[in-house]
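Survey of secondary and tertiary structure
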Amino acid sequence: MGKFSSTVIMIVSALLATGALTARSYAADLAAAAQKAAAAAAEKAAKGMFPLKPYAGAKAFVSYAPDGNLYTSGIGRTKFFEYNIGWNAAAFGGVTAGDFVKLQLDTGYISNSVSNLSGVDGGSGTVAAAYVMGGVILSAPLSPLTKKVIPFAGISVGAAFPVIGTVKGTINGDEFTIKGGQSTVGALLAHGGVTIAINPKLGATLEYGFFQTADFSLNTTNNISSSGNASTDISAHLFGLGFEYHF
């Protein structure tokens, strides 16, 4: 019996020692995890409540421009420009402010060629613009389980730089020309879509945008406007895709 008691005591002692080692290891793991969490919290606090993380990308669109108006002092505003399907290319960059807000700068070029000019013969030319805009985009995953599909919507304002290739045609056999007469004009871009996460840093975007400029001046020949001046604007519906990379 004495030998049996000694064996039991040794087994119990071994179990207690193993338990103590396990408890110490578990406590050490908890302490390490707590220290790591504290360090992460301190780093986040040092960066502020909404740490700014940079990103950049590029996108390409098909541009559908509705019929454009021409404003002249003698006639007023009339439908005049009819456009072919055009294109838009843009680059963008910005910073994420927290999980849901992006501050973004867009720069690009949009172009639509003239398919017809209402009431005239042989209309041709191109109406285009470069632009630089800044704005705010709101984005969020559809749910915690679908973080790879991220809807977004935003609005940007800035400057557009009209590039009017000489628009030509004839009225009653007399040729006329229309050229750009203003270098800068205000513009707006409203857009929305979804970003599909390819990996933690790279995403593909499917996007719709609406681009609109304020009226800008044109120089014309007298058979279009007796004053030699007119004005129009640029508006377009944009459909396309792009890629963005988060640094």
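Residues numbered from 1 in each chain as written. Predicted model: local features only at pLDDT ≥ 70, side-chain atom pairs only at ≥ 80, totals over all residues. Heavy atoms only, no water.

**Structural notes on the overall build of the protein**
Scanning the protein for helices and strands turns up 1 helix and 13 strands. Taking as baseline every contact in the protein between residues at least 6 positions apart, the subset at least 24 positions apart corresponds to 65%. Put simply, the protein shows about 13700 Å² of open surface, and 67% of that area lies on carbon and sulfur atoms. (Helix = DSSP H or I, 4+ residues; strand = E, 2+ residues; numbered from the N terminus. Contact = heavy atoms within 4.5 Å. Areas by Shrake-Rupley, 256 points an atom, 1.4 Å probe, with all protein chains shown as cover.)

**Concerning the confidence of the model for the protein**
Scored by pLDDT, the protein comes out at a mean of 84, with 78% of its residues at no less than 70. Overall, residues 45–49 carries pLDDT values under 50, and its contacts beyond four positions in sequence, including any with other chains, amount to 1 contact. (pLDDT = per-residue confidence, 0-100.)

**Description of the packing of aromatic side chains**
Under the definition given, this model contains 7 aromatic pairs. For the ring pair Phe-81 and Tyr-83, a centre distance of 6.0 Å and an interplane angle of 10° mean the geometry is stacked. The buried category is assigned to Phe-81, whose relative accessible area is 2%. Residue classification places Tyr-83 among the buried positions, given a relative accessible area of 15%. Ring centres of Tyr-131 and Phe-211 lie 5.2 Å apart, and the angle between their planes is 45°; on these two criteria the pair is classed as tilted. In this pair, Tyr-131 is assigned in strand S6 (residues 121–139) and Phe-211 in strand S10 (residues 202–213), connecting sequence segments 80 residues apart. For the pair formed by Tyr-131 and Phe-211, the shared burial category is buried. (Phe/Tyr/Trp six-rings, centres within 6.5 Å; stacked < 30°, edge-to-face > 60°. Buried < 20%, exposed > 50% of the residue type's maximum accessible area, 1.4 Å probe, protein only.)

**Comments concerning the side chain of Asn-112**
Tracing the chain through its elements places Asn-112 in strand S5 (residues 101–117). A relative accessible area of 4% places Asn-112 in the buried class. Of note is the side chain of Asn-112, whose polar atom sits 2.8 Å from the side chain of Ser-63. (Polar contact = N/O pair within 3.5 Å; in protein donor to acceptor, adjacent residues only side chain to side chain.)

**Description of the pattern of salt bridges**
Going through the model one piece at a time under the given rule, you end up with 5 salt bridges. When the shortest N-O distance is used, the salt bridge between Glu-207 and Lys-59 registers 3.3 Å. Of this pair, Glu-207 sits in strand S10 while Lys-59 is found in strand S1 (residues 52–64), placing the two residues 148 residues apart along the sequence. Accessibility assignment for this pair places Glu-207 and Lys-59 in one class, buried. Two residues, Asp-215 and Arg-77, come together in a salt bridge whose shortest N-O distance is 2.6 Å. With Asp-215 in the loop between S10 and strand S11 (216–220) and Arg-77 in strand S3 (residues 76–83), the pair connects residues that are 138 residues apart, well separated along the chain. Taken together, the salt bridges that share partners define one network made up of Lys-59, Asp-106 and Glu-207. (Salt bridge = Lys/Arg side-chain N within 4 Å of Asp/Glu carboxyl O.)

**Some points on the side chain of Thr-213**
In this structure, Thr-213 sits in strand S10. Residue Thr-213 is classed as buried on the basis of its relative accessible area, which comes to 6%.

**Description of unusual backbone geometry**
Of note in the backbone geometry, Asn-172 takes a positive phi value of approximately 55° without being a glycine. Locating Asn-172 in the fold gives a position in the loop between strand S7 (149–171) and strand S8 (174–180). Taking relative accessible area as the criterion, Asn-172 reaches 76% and is therefore assigned exposed.

**Things to note about the nonpolar core**
With 31 residues, the main nonpolar core has Phe-80, Phe-81, Leu-117 and Phe-211 as its most contacted residues. Elements with a minimum of two residues in this core: S3, S5, S6, S7, S8, strand S9 (185–197), S11 and strand S13 (235–246). Contacts of Leu-117, omitting those with residues within four sequence positions, involve Phe-80, Phe-81, Gly-123, Ser-124, Val-167, Lys-168 and Phe-176. (Core = buried A, V, L, I, M, F, W, Y, C linked by side-chain atoms within 4.5 Å.)

**Some details on the pairing of S11**
For S8 and S11, the ladder comprises 3 bridges, and the chain directions are antiparallel. Residue Ile-178 lies in a different strand from S11, and its bridge partner there is Thr-220. (Pairing = 2+ DSSP bridges.)

**Re the pairing of S8**
Bridging between S7 and S8 involves 5 bridges; their strand directions are antiparallel. Note that in S8 the partner of Thr-170 across the bridge is Glu-175. Adjacent in sequence and paired antiparallel, S7 and S8 are bridged by 2 residues, among which Asn-172 carries a positive phi angle near 55°.

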